[in-house]
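# Notes for the structure review
Residue strings, one per chain:
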Amino acid sequence: MEKRELLYSGKAKSVYTTDDPDYMVLEFRNDTSAFDGKKVEQLDRKGMVNNKFNAFIMSQLAAAGIPTHFERQLSDIESLVKRLDMIPLECVVRNIAAGSLCRRLGVEEGIDLLPPTFELFLKNDALGDPMVNEYHARSFGWVEEKDLERMKELTFRVNDVLKQLFLDGGLLLVDYKLEFGLFRGEVVLGDEFSPDGCRLWDKDSREKLDKDRFRQGLGGVVEAYEEVGRRIGVQF
Ligand code: UDP
């Protein structure tokens, strides 16, 4: 399917229409941003690495029965996806404390969270994606109750599938962010799953192999993403 016009350009991906109104093309760019877009850099090969990483993960999730928008990879940096009516919420699950949770609650990075936590953030750059709760999500009409329940169920099923997949590659899935949308009334996983939107640590050394390398200026960002990909079976 051919891409037609640019519909939207985000911080790391551009979205194009196709001839079919139900499908879009995602283009993964090399742009990498953090801190609400205050730190931005071009990282060579990152678009390709994230496109292939995402294609692999989405296929694994689909095989486990999780509905996703992913259809197929079109090129090194492009994938065909279903066009969803996006729900303006980010679902975050944490297996281990890190990032904003530590800043917010003053807890030590690295403590196990049992059970894993579930958090919602409103997608709103101007407000810095504030944390919201399930009542806010329903009372402001961002999502219907039944769809929110389904998002939670799918978010935890993703945890079961991916925790094990990464563990088999000697990696800990510390936390991750998912976004969902509606396709013909059904809740479907959208956006992307890549080391840009999750935290992955080496199981033994606890070395960070995700976007924290960029946030914290540790270097070797794309090399770390490729290392993670190789360990779980992504072909670059
Ligand atoms: N995350 C994301 N996009 C965002 C905010 C968070 O992909 O806009 C991911 C982030 O990479 C991490 C998880 O969600 O894997 C939890 O992020 P956290 O709340 O700790 O915020 P951060 O430390 O990234 O500011």
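Residues numbered from 1 in each chain as written. Predicted model: local features only at pLDDT ≥ 70, side-chain atom pairs only at ≥ 80, totals over all residues. Heavy atoms only, no water.

### A closer look at the pattern of salt bridges
Side chains that differ in sign of charge can pair as their charged atoms come close. Rules: A carboxyl oxygen of Asp or Glu within 4 Å of a side-chain nitrogen of Lys or Arg is what we treat as a salt bridge. Secondary structure follows DSSP: runs of H or I at least 4 residues long count as helices, runs of E at least 2 residues long count as strands, and numbering of each begins at the N terminus. Only protein chains enter the calculation, and the probe is 1.4 Å; a residue is then buried if its accessible area is under 20% of its type maximum, exposed if over 50%, and partly exposed in between.
With the rule as written, the count across this model stands at 34 salt bridges. Salt-bridge contacts for Arg 45 lead to Glu 226; the nearest nitrogen and oxygen are separated by 2.2 Å. With Arg 45 in the loop between β5 (39-42) and α1 (46-63) and Glu 226 in helix α6 (residues 221-232), the pair connects residues that are 181 residues apart, well separated along the chain. On the basis of relative accessibility, which here comes to 39%, the residue Arg 45 falls in the partly exposed class. We classify Glu 226 as buried; its relative accessible area is 11%. A salt bridge links Glu 119 to Arg 94; its shortest N-O distance comes to 2.9 Å. Here Glu 119, found in strand β9 (residues 112-122), pairs with Arg 94, found in strand β8 (residues 85-96); they are 25 residues apart in sequence, far enough to count as distant. Taken as a pair, Glu 119 and Arg 94 share a single burial class, namely buried. What you see here is one network of salt bridges that share partners, running through Lys 13, Glu 90, Lys 123, Lys 177, Glu 179, Asp 191 and Glu 192.

### Notes on the environment of Phe 236
Our working definition: Residues are treated as being in contact if the distance between any of their heavy atoms lies within 4.5 Å.
Along the chain, Phe 236 turns up in the segment after α6. Given a relative accessible area of 32%, Phe 236 falls into the partly exposed group. It is 9.9 Å that separates the C-alpha atoms of Phe 236 and Asn 50, two residues lying 186 residues apart in sequence. Excluding residues within four positions of it along the chain, Phe 236 makes contact with Met 48, Val 49, Lys 52, Phe 53, Tyr 225, Glu 226, Gly 229 and Arg 230.

### Some details on the side chain of Ser 79
Structurally, Ser 79 can be placed in strand β7 (residues 78-82). A relative accessible area of 0% places Ser 79 in the buried class. In contact with Ser 79, not counting residues within four places along its chain, are Met 24, Val 25, Leu 26, Asn 51, Phe 70, Arg 72, Gln 73 and Leu 74.

Don't take any of this as a statement about function, it's just geometry.
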